[in-house]
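Below, each chain spelled out in residue letters.
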Amino acid sequence: MATNFDFLKSTDKNLFDIITEAEKLYRDEYFEQCMGQTRRFGEHVCKDVLGNRRTTEETFDDMLATLKDKSKGNPQEKEFLDDLYFLKKNGNKSVHGATVKKDGLVALECLQRAFEVAISYSVFKNGPSDKLMRLQYDTELMLTGKKNKSLSERYSQAKIKAQKTKSFEEKPKKLVNKTTNKKQAKKYKVQKEKTSKISLFWIIMLIAFTMSLTTIGLLMLSAVKP
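Every value quoted in this text rests on a predicted model; they were computed, and no experiment measured them.

Engineer: Just checking my understanding: could you explain the overall build of the protein chain for this structure?
Structural biologist: Scanning the protein chain for helices and strands turns up eight helices and zero strands. Sequence-ordered secondary structure for the protein chain, helices as α and strands as β, is α-α-α-α-α-α-α-α. For the protein chain, the accessible surface area stands at approximately 16,300 Å², while carbon and sulfur atoms represent 57% of it.

Right, dumping it as structure tokens:
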């Protein structure tokens, strides 16, 4: 089953398993558990990015604070930290709240934020790529496990389908023309044979008539002769 996080599988299988479980929880409408799972994902990412720069940090809050201190303040890092803070805050609410409110919209935003975190993490690990930077979170893919085709793919398929339809429509016409030609040829053959028979009949009649005239002529000559 395809997921929005397939690109992460080859980079970190553990992170891939954590976040795809969050998507599954969302599909099953366990929204609070989904938010808790995205928080877990964010914490593991934070720990991995800190790496050997981590010292006494134990909690997610501590690791985020250290990561923020070591940040250079560029927009990409700021967005990365904002997403991690969002996952931590909403994950904490879902786990520690006295009354848990089912909120599919917040859970969905957690998944979308986790997706952006996964992109940043992949860039951190493997470097940027055009394919990676063009990826966008697909809600339908998350719900159905089926990838939406791009506009160019849909256009190509529609073009192929139109060509097949045209070919299918033209084929019967050719068959009809072929059948019609056969019928016309057969009709012409019959007419030709019929005409030949008629011509032969009249030739025979003409010969018989000529012979009759000749016979009559001879009889008349014989009668006149003394």
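So that's the structure; there's more coming.
Engineer: Would you take a moment to explain the state of the cysteines for this structure?
Structural biologist: Should the sulfur atoms of two cysteines be covalently bonded, the bond is a disulfide. Under the criterion given, the structure shown has zero disulfides. No disulfide involves C34; its sulfur sits 6.7 Å from the nearest other cysteine sulfur, which is in C110.

Engineer: Sorry, what's going on with the environment of Y121 here?
Structural biologist: Within the secondary structure layout, Y121 lies in helix α5 (residues 104-126). For Y121, a relative accessible area of 2% gives the class buried. C-alpha separation for the pair Y121 and D12, spaced 109 residues apart in sequence, amounts to 9.8 Å. Beyond its immediate chain neighbours, meaning those up to four positions away, Y121 contacts L8, T11, D12, L15, V45, D48 and V49. Polar contacts involving the side chain of Y121 include one to the side chain of D12, which spans 3.4 Å.

Engineer: Please clarify how the side chain of E23 should be interpreted in this entry.
Structural biologist: Its place among the elements puts E23 in helix α1 (residues 13-27). R27 is the oppositely charged side chain nearest to the buried, salt-bridge-free E23, at an N-O distance of 4.7 Å. A polar contact is formed between the side chain of E23 and the side chain of Y137, at a distance of 2.9 Å.

Engineer: What's the story with the packing of helix α2 (residues 31-50) against helix α3 (residues 60-70) in this structure? I'm lost.
Structural biologist: The description of two packed helices rests on the angle between their axes and on the distance between the axes. For the pair α2 and α3, interaxial distance at closest approach is 10 Å and the crossing angle is 45 degrees. In this view, α2 runs oblique relative to α3, as classed from their interaxial angle. The two elements α2 and α3 cross, and the hand of that crossing is left-handed. For the pair α2 and α3, the contacting residues are R39, G42, E43, C46, K47, V49 and L50 in the first and F60, M63, L64, T66 and L67 in the second. Looking at the contact of α2 with α3, its residues break down into seven nonpolar, two polar and three charged.

Engineer: I would appreciate a short explanation of α2 in the present structure.
Structural biologist: For the α-helix, the turn length of 3.6 residues means that residues three or four positions removed from each other point alike. With 20 residues, α2 should cover 28 Å at 1.5 Å per step; its first-to-last C-alpha distance of 29 Å lies within 8% of that length. Counting buried residues along α2, 15 of its 20 residues qualify, which places the element largely inside the surrounding structure. Once α2 finishes, G51 follows within two positions and takes phi at roughly 55 degrees, a positive value.

Engineer: Help me understand α5, please; the structure alone is not making it clear to me.
Structural biologist: An ideal rise of 1.5 Å per residue puts 33 Å on 23 residues; α5 measures up with 32 Å between its terminal C-alpha atoms. Within α5, the full set of buried residues consists of G104, A107, L108, C110, L111, A114, F115, V117, A118, I119, Y121 and S122. Where α5 begins, one side-chain oxygen reaches toward the backbone nitrogen of L105, 3.2 Å away; that side chain belongs to D103.

What counts and how
Residues numbered from 1 in each chain as written. Predicted model: local features only at pLDDT ≥ 70, side-chain atom pairs only at ≥ 80, totals over all residues. Heavy atoms only, no water. Helix = DSSP H or I, 4+ residues; strand = E, 2+ residues; numbered from the N terminus. Areas by Shrake-Rupley, 256 points an atom, 1.4 Å probe, with all protein chains shown as cover. Disulfide = S-S within 2.5 Å. Buried < 20%, exposed > 50% of the residue type's maximum accessible area, 1.4 Å probe, protein only. Contact = heavy atoms within 4.5 Å. Polar contact = N/O pair within 3.5 Å; in protein donor to acceptor, adjacent residues only side chain to side chain. Lys, Arg positive; Asp, Glu negative; His and termini not counted. Salt bridge = Lys/Arg side-chain N within 4 Å of Asp/Glu carboxyl O. Axes fitted to C-alpha atoms, helices over the stretch in contact; angles between N-to-C directions. Parallel < 35°, antiparallel > 145°, perpendicular 65-115°, else oblique. Left-handed = near helix turned anticlockwise from the far one by under 90°. Nonpolar A, V, L, I, M, F, W, Y, C, P; charged D, E, K, R; others polar. Expected span 1.5 Å × (residues − 1).

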